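Residue-level structure breakdown
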Amino acid sequence: MFYELHSILNIALLKYITFRSGLAFFIAFLFSVYCMPIFIAWAKAKKASQPISDSIKAHANKKDTPTMGGLVFVSAAFISSLFCANLNNAYVQIGLVCLIAFTLIGARDDYMKITAKNNAGMSSKTKFLLLAFVALLLSIWLYASGLNTDFYIPLFKKPILALEYYAYLMVGFWVIVFLATTNAVNVTDGLDGLATIPSICVLASLSVFVYIGGNAEMAKYLLWPHIVDSGEVMVLSLAMIGALFGFLWYNCHPAQVFMGDSGSLALGGFIAYCAIVSKNEILLILMGSIFVIETISVILQIGSYKLRQKRIFLMAPIHHHFEAKGWAENKIIVRFWIIAILSNLIALITLKLR
């Protein structure tokens with residue numbers, strides 16, 4: 001809406017991505033901060049609380065904490081984007097669909113957990129198929145919209161693979177990126193605010209990359225792949241960051257609300273989307289180091305138990321291992337935040353190491 005107003009009202013500021021991104025951040029933040037207490041009160045009245053596993057005794061006091069807070073911060077980011085982004089931009093349209101689609105899958109899972117009063121939710125097969133379907137749809141849409149299918153890795157100026165005639169390979173790779181990231185963020189969301197700050201850090205870094213990629217002069221100067229019109233995704237990304245800060249106001253320890261799968265799957269899907277659009281599929285491993293560590297800990301634990309009938313960690317994901325060792329929840333959270341911040345600073349430094 002604001003983008004269209006710049007030509008009608010002749011307000012030059014409204015045509016700049018950076019200004020509208022800042023506007024989107026504050027609109028989403030204020031929406032999230034204002035609406036979250038209303039949602040918390042409603043969720044408590046409806047007894048929409050997070051089922052807590054009996055195996056984690058330290059979490060017993062969290063059993064009445066409302067969940068599905070992701071519905072609020074995703075709505076905040078979505079509405080803010082509608083006001084501030086150029087809605088005629090294909091990458092904006094795909095990004096908004098990405099947010100809604102993954103949120104709906106997560107909301108269905110959350111609803112089933114709440115009604116059944118356990119952590120089972122959807123069957124893993126159904127959940128995987130739904131995520132894979134959405135990931136495939138978005139990947140095909142990105143390819144049809146003209147997104148560069150070249151394969152880049154950090155520190156190299158040029159793509160190491162040009163897949164113009166084998167685009168189906170890149171589409172398949174994008175599907176894997178979507179599936180891996182959604183599940184990784186979902187696994188990480190186990191302590192108060194643990195997934196929130198790493199998500200903010202990753203989105204902040206990707207906002208920089210996506211803006212540079214959408215700007216022909218900056219992309220040329222920094223030897224970064226230029227993706228025409230992709231810079232507009234920065235508006236969506238800053239809107240999500242603002243919404244997450246609003247959510248963190250109530251999600252910090254001790255949490256008054258959890259994001260639930262409706263938030264973690266939406267975050268994972270949107271982070272993957274920004275990484276794909278900015279050609280950062282591989283660098284995302286560094287940016288999302290916390291998500292990677294958490295996921296690997298689960299894979300190692302399951303693999304070790306199946307092969308050797310022995311566990312590597314006291315519990316998995318690894319944040320529960322540290323809880324079992326007696327670490328205070330706040331200590332685990334803040335230390336993981338520090339790792340996330342440092343990882344993303346290193347990722348941003350790679351912009352000049354090409």
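Residues numbered from 1 in each chain as written. Predicted model: local features only at pLDDT ≥ 70, side-chain atom pairs only at ≥ 80, totals over all residues. Heavy atoms only, no water.

With that settled, consider the packing of aromatic side chains. Enumeration over the complete set of coordinates arrives at 10 aromatic pairs. Consider the rings of F39 and W42, whose centres lie 5.9 Å apart with planes at 35 degrees: the pair is tilted. With F39 and W42 both in helix α2 (residues 17-45), this residue pair falls three residues apart, about one helical turn. Residue class for W42 comes out partly exposed when judged on its relative accessible area of 47%. When the ring of F73 is compared with that of F247, the centres are 5.0 Å apart and the planes differ by 55 degrees; the resulting orientation is tilted. Separated by 174 residues along the polypeptide, F73 in helix α3 (residues 70-84) and F247 in helix α9 (residues 233-251) bring together distant segments of the chain. Of the two residues, F73 and F247, neither departs from the other in class, the shared state being buried. Connected via pairs of aromatic rings, a cluster forms that spans F25, F26 and F245. Stacked on the ring of W327, the Lys or Arg R335 has its end atom at 4.9 Å from the ring centre. (Phe/Tyr/Trp six-rings, centres within 6.5 Å; stacked < 30°, edge-to-face > 60°. Helix = DSSP H or I, 4+ residues; strand = E, 2+ residues; numbered from the N terminus. Buried < 20%, exposed > 50% of the residue type's maximum accessible area, 1.4 Å probe, protein only. Lys NZ or Arg CZ within 6 Å of the ring centre and 35° of its normal.)

Let us now look at helix α7 (residues 196-214). Between its first and last C-alpha, α7 extends 26 Å over 19 residues, near the 27 Å set by a 1.5 Å rise per residue. A large share of α7 lies buried, amounting to 15 of its 19 residues. (Expected span 1.5 Å × (residues − 1).)

Another point: empty space enclosed by the protein. All chains considered together, the criterion is met by one cavity of 30 Å³ or more. Within this model, the largest cavity holds a volume of roughly 60 Å³. Considering the residues around the largest cavity, the lining is formed by Y152, I153, P154, W224, K279, N280, E281, I282, L283 and R354. A per-class count over the lining of the largest cavity returns six nonpolar, one polar and three charged. (1 Å grid on protein atoms, 1.4 Å probe; cavity = no way out; pocket = protein on both sides within 12 Å on 5 of 7 lines; lining within 4 Å. Points joined across faces, edges and corners; volume = space filled by probe spheres on them. Nonpolar A, V, L, I, M, F, W, Y, C, P; charged D, E, K, R; others polar.)

A separate point is the pattern of salt bridges. Counted under the stated rule, the structure contains six salt bridges. Here K279 makes a salt bridge to E281, at a shortest N to O gap of 3.8 Å. Here K279 matches E281 in class, with each residue buried. Look at the salt bridges and you will find they share partners, linking D109, K113, K127 and D261 into a network. (Salt bridge = Lys/Arg side-chain N within 4 Å of Asp/Glu carboxyl O.)

Another aspect to go through is the layout of surface pockets. Computed from the structure, the second largest pocket encloses a volume of approximately 300 Å³. Surrounding the second largest pocket, 14 residues form its lining, A180, T181, L284, I285 and V292 being those nearest its centre. Where the lining of the second largest pocket is concerned, the elements lending two or more residues are α6 (167-188), α11 (284-287) and α12 (289-308). Among the elements that take part in the lining of the second largest pocket, α6 stands out by supplying five residues, more than any other. Considering only residue class, the lining of the second largest pocket consists of 10 nonpolar, three polar and one charged.

That is the geometry; function is a separate question.
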